Amino acid sequence: MDNSSGVPPVPPGPADRHRHRDRHGRGMRGPVAPPQVPLAISRADTFDSLVHDSAERLRRRLPQLAGVDFEVQEVPWLAREGEPGSGTDGVPLGGVQRARPGRPDRIVVYRRPVELRSRDRDERAQLVHEVVVEQAAELLGLAPESVDPRYGQD
């Protein structure tokens, strides 16, 4: 570069060095999919929404479930020998945790066992609803068919 003005060249400063955000000058990479596209929703979030939708359907039918918390856990806790749930029936898909002081009744759906037993989203949604109905029936001391008349028909 010809510097005929007699002024020494100024070395590039920090602002000049970062003129381009990446080495090819194309800018920062963005997300693969925008947040409103289902691709950006995780499996856990999708599963949570299935449980929430099923719980809301039951709450509309049964006002007794208004104070019950519905929760998702990844896997069930292992039961020790002699405790409820320690039988050889296999891995539970859901459970009921009775109220304690300061904590309401809870219905828990275990995400990984349900996902492993379902082949696609529709089957998973149906299985989640069945588990929620069964656990609500156990909590209320009712038959699953009285909690949801369509139980077992699909």
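Here, the structure is the one placed above.
Remember, predicted model here, so these are calculated numbers, not experimental data.

Asks: Tell me what's going on with the overall build of the protein chain, and back it up with residues and numbers.
Replies: When helices and strands are counted, the protein chain shows 5 helices and 3 strands. Every one of the 154 residues in the protein chain was classed for burial, and the buried ones make up 26%. If you take every contact in the protein chain between residues at least 6 apart in sequence, the share linking residues at least 24 apart comes to 58%. With the model as given, the accessible surface of the protein chain reaches about 11,500 Å², and the carbon-plus-sulfur share is 52%.

Asks: Pulling in residues and values, what's your account of the nonpolar core?
Replies: Core analysis: the largest hydrophobic core is formed by 23 residues, its most contacted members being Leu58, Leu65, Phe70, Val109, Val114, Val128 and Val147. Within the residue set of this core, elements represented by two or more residues are α2 (43–61), β3 (106–110) and α4 (121–140). Residue contributions to this core peak at 8 residues, all from α4. Excluding residues within four positions of it along the chain, Val128 makes contact with Phe47, Leu50, Val51, Ser54 and Val114.

Asks: Describe in detail the sheet that holds strand β1 (residues 69–73), supporting the description with residues and values.
Replies: Read across the open sheet, the 3 strands follow the order β1-β3-β2; overall the sheet is mixed. Each of the sheet's edge strands pairs with one partner strand only, and the pair in question is β1 and β2 (94–97). Recorded for the sheet is a direction-independent mean angle of 25 degrees between the axes of neighbouring strands. Helix-sheet contacts for α2 involve β1 and β3, and the interaxial angle to β1 is about 160 degrees. Strands in contact with α4 are β1, β2 and β3; relative to β2, the strand with the most contacts, it is inclined by about 30 degrees.

Asks: Before we move on, could you go through the environment of Gln73 and cite the residues and values that matter?
Replies: Structurally, Gln73 can be placed in strand β1. Other than its neighbours up to four places away in sequence, Gln73 contacts Gln97, Val108, Val109, Tyr110 and Arg111. For Gln73, the side chain forms a polar contact with the side chain of Glu71, separated by 2.9 Å.

Asks: A description of α4 should follow, citing residues and the corresponding values.
Replies: For α4, spanning 20 residues, the distance from its first C-alpha to its last is 28 Å, which sits close to the expected 28 Å at 1.5 Å a residue. All of the buried residues along α4 are Leu127, Val128, His129, Val131, Val132, Val133, Gln135, Ala136, Ala137 and Leu139. Where the residues of α4 are buried, they touch α2, β1, β2, β3, α3 (111–116) and α5 (144–147). Phi turns positive, to about 70 degrees, at Gly141, one or two residues after α4.

Asks: Give a detailed account of the pattern of salt bridges, specifying residues and quantitative values.
Replies: As enumerated under the stated definition, the model contains 7 salt bridges in all. Here Arg111 ties to Glu74 by a salt bridge, and the two come within 2.7 Å at their closest N and O atoms. Here the residue Arg111 occupies a position in helix α3, and Glu74 occupies one in the loop between β1 and β2, the gap between them amounting to 37 residues. Look at Arg111 and you get buried, because its relative accessible area is 8%. Accessibility expressed as a relative area gives 39% for Glu74, which makes it partly exposed. The shortest N-O distance in the salt bridge between Arg112 and Glu115 comes to 3.2 Å. Taken as a pair, Arg112 and Glu115 lie in helix α3 at a separation of 3 residues, close to a single helical turn. Overlapping salt bridges bring together Arg43, Glu74, Arg111, Arg112 and Glu115 as one network.

Parameters and conventions
Note that residues are indexed from 1 along each chain, following the sequence as it is written. Local features are withheld for residues below a pLDDT of 70 in this predicted model, meaning they are given only at 70 or higher, and side-chain atom pairs are given and counted only at 80 or more; totals for whole chains, interfaces and linings count all residues. Only hydrogens and water are set aside; all other atoms, that is, all heavy atoms of the structure, feed into the side-chain values. In DSSP terms, a helix is any run of H or I states spanning at least four residues, a strand is any run of E spanning at least two, and both are numbered starting from the N terminus. The cut-offs for exposure are 20% and 50% of the maximum accessible area for each residue type, with area from a 1.4 Å probe on protein chains only; residues under the lower value are buried, those over the upper are exposed, and the others partly exposed. The contact definition used throughout considers only heavy atoms, calling two residues in contact when any of these lie within 4.5 Å. Surface accessibility in these figures is a Shrake-Rupley result with a 1.4 Å probe; residues are shielded only by whichever protein chains are displayed. By nonpolar core we mean a set of buried residues, namely Ala, Val, Leu, Ile, Met, Phe, Trp, Tyr and Cys, connected to one another through side-chain atoms within 4.5 Å. Whether two strands pair depends on DSSP finding at least two bridges between them. To obtain an axis, a line is fitted to C-alpha atoms, over the contacting stretch when the element is a helix, and the angle between two such axes runs from 0 to 180 degrees between their N-to-C directions. Counting of polar contacts relies on pairs of N or O atoms within 3.5 Å, with two restrictions inside protein: one atom must be capable of donating a hydrogen and the other of accepting it, and residues adjacent in sequence are counted only when both atoms are side-chain atoms. Multiplying 1.5 Å by the residue count of a helix minus one yields the expected span of that helix. Only one rule defines a salt bridge in this text: a Lys or Arg side-chain nitrogen within 4 Å of an Asp or Glu carboxyl oxygen.

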